[in-house]
Structures are given as structure tokens and as C-alpha cells.
Amino acid sequence: MADDTGFSAAKIDSCDPLFAPIRLPVEICTRDPLIVVGMPRSGSSFLSHILSQIPDWYVFDDLYTQRKAREIGVNTPMNARDVKKLTYYLGWQIRARLRFGLYAVPNVTEEEVPALDGALAQAFTDRPGSWAEMQEEFMRRLAKRAGCTRWGYKMPGAFRRIPELLQHYPQARFMFILRNPYKVLASYKHMPMSSQDGDPRRYHPIAYAIYWRMAVRSYQRHCKTLGDGLTLVQFEDLVGQPQQTANRIAGFLGATPPKDVDVPEKPNTSHGTGPRKPDELTGLEHWILNRIAHREMAALKYDLQQTPVRPADFADLTRTTLRFGRFHLGRALGRIKARIGSS
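Residues numbered from 1 in each chain as written. Predicted model: local features only at pLDDT ≥ 70, side-chain atom pairs only at ≥ 80, totals over all residues. Heavy atoms only, no water.

(A) Here's a closer look at the nonpolar core. Counting residues in each nonpolar core, the largest one holds 75 residues, and the members touching the most others are Met39, Phe138, Leu142, Tyr153 and Trp212. What Met39 contacts, discounting residues up to four positions off in sequence, is Pro156, Ile177, Leu178, Val184, Tyr188, Tyr208, Tyr211, Trp212 and Ala215. The next biggest cluster of nonpolar side chains, apart from the first, holds 19 residues, and it includes Leu34, Leu47, Met175 and Ala250. (Core = buried A, V, L, I, M, F, W, Y, C linked by side-chain atoms within 4.5 Å. Buried < 20%, exposed > 50% of the residue type's maximum accessible area, 1.4 Å probe, protein only. Contact = heavy atoms within 4.5 Å.)

Shown next as C-alpha cells:
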């Protein structure tokens, strides 16, 4: 099958599809993605590592193109400004994984990134499209470079935007990753300020208990509409039974199970460091979480925990609330200042 530019799949495949100046024909790599959603700090990077060991699958560890497109206000179809900004963003996603990534690192060198950016820009200048089409083209090229014809990416918070994603990728499959909420909240709370995975000032037990509950409810709601197009992976199964979990995931994808799953010494980055134990929440935080998400915990078979509420817990919550408030107020003021400066 020839592309509308006259390039055939065979001609593109005879060179390096990473740098093709046109969009890749469907024979090069499938267009139907797997999208990993759920809660951050729940082992989603480790899940990407497991997924990329399944034959013929390449899954990018963290790709927030949808969010970036909203931030910069891309049009559909994209104009020259949008194409420039989005290719720059995608190029830096590769650089970040090469420099700091642990799992599913792209099989691309930093020296190749400018040429890839240029090829993507050319493909979308000659034939304009949406941010989702550019992300698809980007991922299909990385998958082909990895020797795969199937692709996916993880964007944990995107469980709130599944209907929008289905508009762009009608045949997409979704995989939820969820973890014991006590561990999730503690991982956020005790995240070091130096972490590349987030900012501990974002943490508040009420906010993140509601966030975890939202993720579970999204899974439950979409189970009814997506059917076989959705599955759940729980972090505890992923760590405790990696081979069995990988086999089940391969069955969901209709793929060949990996023979021997490679499990890194530290299976995820969601471990805090500091003077307190990384899994420690106060009794008051236990109470808050239990009040907000007890039904969802029961649905996923997580046992309720409760330690005594002590007077010091209220001081701890006050400090957390003040830090949380200052952080989000500063962000809001920064956005207002940026808007005024650009007007």
C-alpha cells in the first residue's frame, strides 16, 4: 500500500522509519494503542517495564502530550506554531528518558532527536493533523525502532479523560494501575523535595484520598462501557507475582507471554526516604482516608487500617494544610502573572 505522497511501506521500511518525512503507512506499525492510566505513585513505571518485555510491544514510560497540548492551546489541525512546540516537547521526552529513565528507555540517541523532530515537523507541515495524530506518529516510529509493531504509553491521571482519548483512538485499550491507598498517600507525603517524580507540597490527605477514590470509580464506571477493552493491574500482584501478572496482561493484549520477566532490584520509584518510615501515615490520616474511600477499598479488597489518633496528628495536618495551601496559591498567582505578561 502506498502513502498519499507516493511512498510505499516497503520503501520506508528499507530506510529508517524514524526519519521518514511523511506519516508511516499502517503496515509499518499498528495505530491502536494501549493507554495505561490510574494513580501516580502506584508502580506505573514498573508496569511499563513489564509491558515492554511482552513480545512486539513498546510502551513509553510517561507521555503527557494531551496535557501539553491543552497548556499551549494547540489547534486542530495544528498550525506551524503548534507543530514546532509539540515536536520540541516530544523530543525532550526522549532526552529525559535517556538521561533519567529507568524503564522502557527509547532505542534512540540524543544525536538523533533533532532529525526525528525535523521529520515529524515535515510530516505534519505537508499534511496537518491533531496532537493525537502526532503522538501516534511519534510512538509508531519509536516502536518500529524497538523492533515492535504494537505501542502504548502511560499517563496515569488520564483516567479523567478517557472519553476524549477514545475520540482520538477509538480502538484503544486501557489498563488501570492501582495500589493500596495507604501506600500511595504515604509515598506522596514522604516524597523528598529532590524527587523527579513530583513535589511533596502537592500532598494533602483529603485531596489524595478523593483522587484515589476518583480513579477507582473511573475504573468501575468504564468497566461497564469498555468491557474487554479494559483491565486492572494491582501493584501488589505486579510485585508479588510478576510472571503470572505479565502472562495475564499478555492474554489481555492477545500477545505472546514473556518467557522470563526481568524484575529490577527496586521495582518502582514510589518509595520515600527520610527520618520517618516510607509507609507511615498518622492515625488522623488513616481516619480521613477511611472515611472518604472505604467503599472503594472494599471493592478492591484492601483492608481498612486504623492507628490511634494522637494530638500531634492535628499539628501534622495543620502543617500539611499550610504547605499545600501556599503551594497552590503560589501556582495560581504565577499563572495570573504569566497571563498578564502575555496580554
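(B) Geometry of the packing of aromatic side chains. Taken as a whole and assessed by the stated rule, the structure comprises nine aromatic pairs. Here the aromatic rings of Tyr188 and Tyr208 are separated by 4.2 Å at their centres, their planes lie at 35°, and the arrangement is tilted. Here Tyr188, found in helix α8 (residues 181-189), pairs with Tyr208, found in helix α9 (residues 205-226); they are 20 residues apart in sequence, far enough to count as distant. Like Tyr188, the residue Tyr208 is buried in the burial classification. The structure contains a cluster of three or more aromatic residues connected by ring pairs, namely Phe159, Tyr188, Tyr203, Tyr208 and Tyr211. A cation over a ring is seen here: Arg67 above Tyr64, with NZ or CZ 4.4 Å from the ring centre. (Phe/Tyr/Trp six-rings, centres within 6.5 Å; stacked < 30°, edge-to-face > 60°. Helix = DSSP H or I, 4+ residues; strand = E, 2+ residues; numbered from the N terminus. Lys NZ or Arg CZ within 6 Å of the ring centre and 35° of its normal.)

(C) Quick look at the pattern of salt bridges. With the rule as written, the count across this model stands at 16 salt bridges. Between Glu137 and Arg141 there is a salt bridge, with the nearest N and O atoms lying 3.0 Å from each other. In this pair, Glu137 and Arg141 both sit in helix α6 (residues 131-145), four residues apart, roughly one turn of the helix. Of the two residues, Glu137 and Arg141, neither departs from the other in class, the shared state being buried. Close ionic contact of Glu296 with Arg217 constitutes a salt bridge, the shortest N to O distance being 2.9 Å. Taken together, the residues Glu296 in helix α12 (residues 283-299) and Arg217 in helix α9 connect sequence positions 79 residues apart. For Glu296, a relative accessible area of 6% corresponds to the buried category. Ionic contacts of the salt-bridge type, sharing partners, join the residues Lys189, Glu285, Asp316 and Arg319 into one network. (Salt bridge = Lys/Arg side-chain N within 4 Å of Asp/Glu carboxyl O.)

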